[in-house]
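The lines below spell out each chain.
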Amino acid sequence: MNHTTHLADRGPLLDRDEAATAAPSPARTAPRRRLTSQQWVAWAFLAPVTLYLGLFYAYPLYRNLDLSLRHYTVRSFVQGNAPFTGLANYRTVFDDPTFAPALTHTLVFTAVCLFFQYAVGLALAVFFNQHFRLSATLRALFLVPWLLPLIVSASTWSWMLNSDSGVVNAALHAVGIGPVNWLTSPSWSLASVIIANVWIGIPFNLVVLYSGLQAIPGSLYEAAALDGANAWRRFWHIAFPLLRPVSAITLLLGLVYTLKVFDIIWIMTKGGPADSSTTFATWSYRLGFGNLLPAFGPGAAVGNLLVVAALVFGLVYLRVQRKQYAP
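Note that residues are indexed from 1 along each chain, following the sequence as it is written. Residue-level local features of this predicted model are given only where pLDDT is at least 70; pairs of side-chain atoms are given and counted only at 80 or more, and the full residue set underlies all totals for whole chains, interfaces and linings. Values reported for side chains reflect all heavy atoms of the structure, with hydrogen atoms and water molecules removed beforehand.

For helices the rule is a DSSP run of H or I covering at least 4 residues; for strands it is a run of E covering at least 2, with both sets numbered from the N terminus onward. Each helix and strand counted, the chain has 18 helices and zero strands in total. Summary of the burial criterion: residues with accessible area below 20% of their type's maximum are buried, those above 50% are exposed, and those between are partly exposed, where the area comes from a 1.4 Å probe applied to protein chains only. With 327 residues in all, the chain has 33% of them scored as buried. Put simply, 64% of the contacts in the chain that link residues at least 6 apart link residues at least 24 apart. Reported accessibility uses the Shrake-Rupley method at a 1.4 Å probe radius. Residues are deemed covered only where the shown protein chains occlude them. Carbon and sulfur atoms form 68% of the exposed surface of the chain, whose accessible area is close to 20800 Å². By definition in these notes, contact holds between two residues if any of their heavy atoms fall within 4.5 Å.

Side-chain rings of Phe, Tyr and Trp (the six-membered ring for Trp) are treated as a pair once their centres are within 6.5 Å; stacked means planes under 30 degrees apart, edge-to-face means over 60, and tilted covers the remaining angles. Using the criterion set out here, one finds 23 aromatic pairs in the structure. Connected via pairs of aromatic rings, a cluster forms that spans Phe 262, Trp 266, Tyr 285, Phe 289 and Phe 296.

Now for the pattern of salt bridges. Salt bridges, as used here, are contacts in which a Lys or Arg side-chain nitrogen is within 4 Å of a carboxyl oxygen on Asp or Glu. What the rule picks out here adds up to three salt bridges. Among the ionic pairs, Arg 63 bridges to Asp 66, the shortest N-O distance being 3.3 Å. One end of the pair is Arg 63 and the other is Asp 66, both in helix α4 (residues 37-68) and three residues apart, which spans about a single turn. What makes Arg 63 partly exposed here is its relative accessible area of 28%. Residue Arg 70 pairs with Asp 66 through a salt bridge whose shortest N-O separation is 2.8 Å. Owing to a relative accessible area of 26%, Arg 70 belongs among the partly exposed residues under this scheme. Through salt bridges with shared partners, a single ionic network connects Arg 63, Asp 66 and Arg 70.

Once that is clear, we can look at the side chain of Thr 279. Its location among the elements puts Thr 279 in the loop between α16 (263-268) and α17 (280-289). What Thr 279 contacts, discounting residues up to four positions off in sequence, is Ala 102, His 105, Thr 106, Val 261 and Ile 265.

A cis geometry characterises the amide bond from Gly 272 onward to Pro 273, with omega recorded as -5°. As for its position among the elements, Pro 273 is in the loop between α16 and α17. Of note in the backbone geometry, Ala 274 takes a positive phi value of approximately 55° without being a glycine. As for its position among the elements, Ala 274 is in the loop between α16 and α17. Judged by its relative accessible area of 73%, Ala 274 falls in the exposed class. A positive phi angle, close to 60°, is found at Asp 275, a residue other than glycine.

Note on definitions: angles span 0 to 180 degrees between N-to-C directions of axes, and those axes are lines fitted to C-alpha atoms, for helices only across the stretch in contact. The contact between helix α12 (residues 189-214) and helix α15 (residues 244-259) brings their axes to 10 Å, and the two run at 155°. It follows from the interaxial angle that α12 and α15 lie roughly antiparallel. Every pair of crossing elements has a handedness; the one defined by α12 and α15 is right-handed. Note on element contacts: α15 touches α12 through Val 246, Ser 247, Thr 250, Leu 253, Tyr 257 and Thr 258, opposite Asn 197, Ile 200, Phe 204, Asn 205, Val 208, Leu 209 and Gly 212. Here roughly perpendicular refers to angles of 65 to 115 degrees, roughly parallel to angles under 35, roughly antiparallel to angles over 145, and oblique to all remaining angles. Each crossing is labelled by how the near helix is turned from the far one, with a counterclockwise turn of less than a right angle marking it left-handed and a clockwise turn marking it right-handed.

Turning our eyes to something else, we now look at the packing of helix α13 (residues 218-226) against helix α14 (residues 231-242). Between two packed helices, both the angle of their axes relative to each other and the distance between the axes serve to describe the pair. Interhelical geometry of α13 versus α14 gives an angle of 160° and a closest axis separation of 10 Å. When the axes of α13 and α14 are compared, the pair comes out roughly antiparallel. The way α13 lies across α14 gives a crossing that is right-handed. From α13, Leu 220, Tyr 221, Ala 224 and Ala 225 reach across to α14, where they touch Arg 234, Ile 238, Ala 239 and Leu 242. Split into classes, the residues belonging to the contact of α13 with α14 amount to seven nonpolar, no polar and one charged. Under the scheme applied, nonpolar residues are Ala, Val, Leu, Ile, Met, Phe, Trp, Tyr, Cys and Pro; charged residues are Asp, Glu, Lys and Arg; polar residues are all the others, including Gly.

A large share of α17 lies buried, amounting to seven of its 10 residues. Along α17, the positions that sit buried rather than exposed are Phe 280, Ala 281, Thr 282, Trp 283, Ser 284, Leu 287 and Gly 288.

A grouping of Leu 134, Leu 138, Leu 141, Phe 142, Val 144, Leu 148, Ile 151, Val 152 and Trp 199 is seen on the molecular surface, where their side chains present a nonpolar patch of about 760 Å² in accessible area. Among the elements of the structure, α8 (135-142) and α10 (150-160) are those that each provide at least two residues to the nonpolar patch. Secondary-structure assignment places Leu 134 in the loop between α7 (99-128) and α8. A residue is classified by how much of its surface remains accessible, and Leu 134, at 57% relative accessible area, is exposed. Patch building starts from residues that exceed 30% relative accessible area and form no salt bridge, then joins like charges within 9 Å and nonpolar side chains (Val, Leu, Ile, Met, Phe, Trp, Tyr) within 5 Å.

Counting residues in hydrophobic clusters, the biggest one holds 37 residues, and the most contacted among them are Phe 109, Leu 213 and Met 268. If you list the elements that add at least two residues to this core, you get α7, α10, α12, α13, α14 and α16. Broken down by element, the residue count for this core peaks at 11 residues, all from α12. Look past the residues within four positions of Phe 109 in its chain and what remains in contact with it is Leu 190, Val 193, Ile 194, Asn 197, Thr 258, Val 261 and Ile 265. Side-chain atoms within 4.5 Å link the members of a nonpolar core, which is a set of buried Ala, Val, Leu, Ile, Met, Phe, Trp, Tyr and Cys residues.

All right, on to the confidence of the model for the chain then. Model confidence for the chain is summarised by a mean pLDDT of 85, while 88% of its residues fall at 70 or above. pLDDT gives the predictor's per-residue confidence on a scale running from 0 to 100. Below pLDDT 50 for its whole length, residues 1-27 participates in three contacts with residues either more than four positions away or in separate chains.

Following this line, the structure appears as structure tokens:
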């Protein structure tokens, strides 16, 4: 066999090897995916929102978490270089005798305010859904507590509930009831701030729930009325079930807002007397800024407990919504 025949015999093998070598691999030659003009526009619209969330939400949360994990003094708060202490600030908070009453007051304040704000707001929404004369005017008047600055509302309630010159005690005296120390008695201070916060939160529930009632088709009520259902049964079996999505978001927003209420309590009672109206929000502020020697770390730790509570309830809401609308 000569050399030419040997090369001819190897020809197919050489062709296959050369073809395999010359053929580019798919991974190497796959074209890079380029963003289209529409995608660039979408990212351009998302950039301000992302920047806003990063600057005003993510960074403050990070700083608050950093505060709760270090031992900050006034000097280290200004100059930096605070020593890392881990969970020591959280242990300090849990061991503090104020923790248990503050937790109880926070839970009671949140639960009672949510219940009465939602119940009264729903009752008013059903009432205004009747479309009687002056309905729009009265609805606008009910928005006044919501539109007022919180410092004005809290100051007004402080004057109304004053033990000596308040109009509430004057009204009680007119019907033969003795004066009540609304703001200075440990038995009544928490109830006082609850009353003020319920009054402020009712308009929000009224507006949202009224909008939900407006979205329910009137034909459903007419069909139920033809079947003999009275007003209560029409509300309980038609309006209330169809309001569940609106009610869920109303309660969630009310929960997050009520957990962090500070202005009303601080202006009216400052958490007192004897911590009888102290919540996590007022306790966190008092630890961080209300003393001559501020405890920045424990104050930030209490604030983070509020953040975690709000996140937990938010995740529960998302899970319930996902199950409700799952196919």
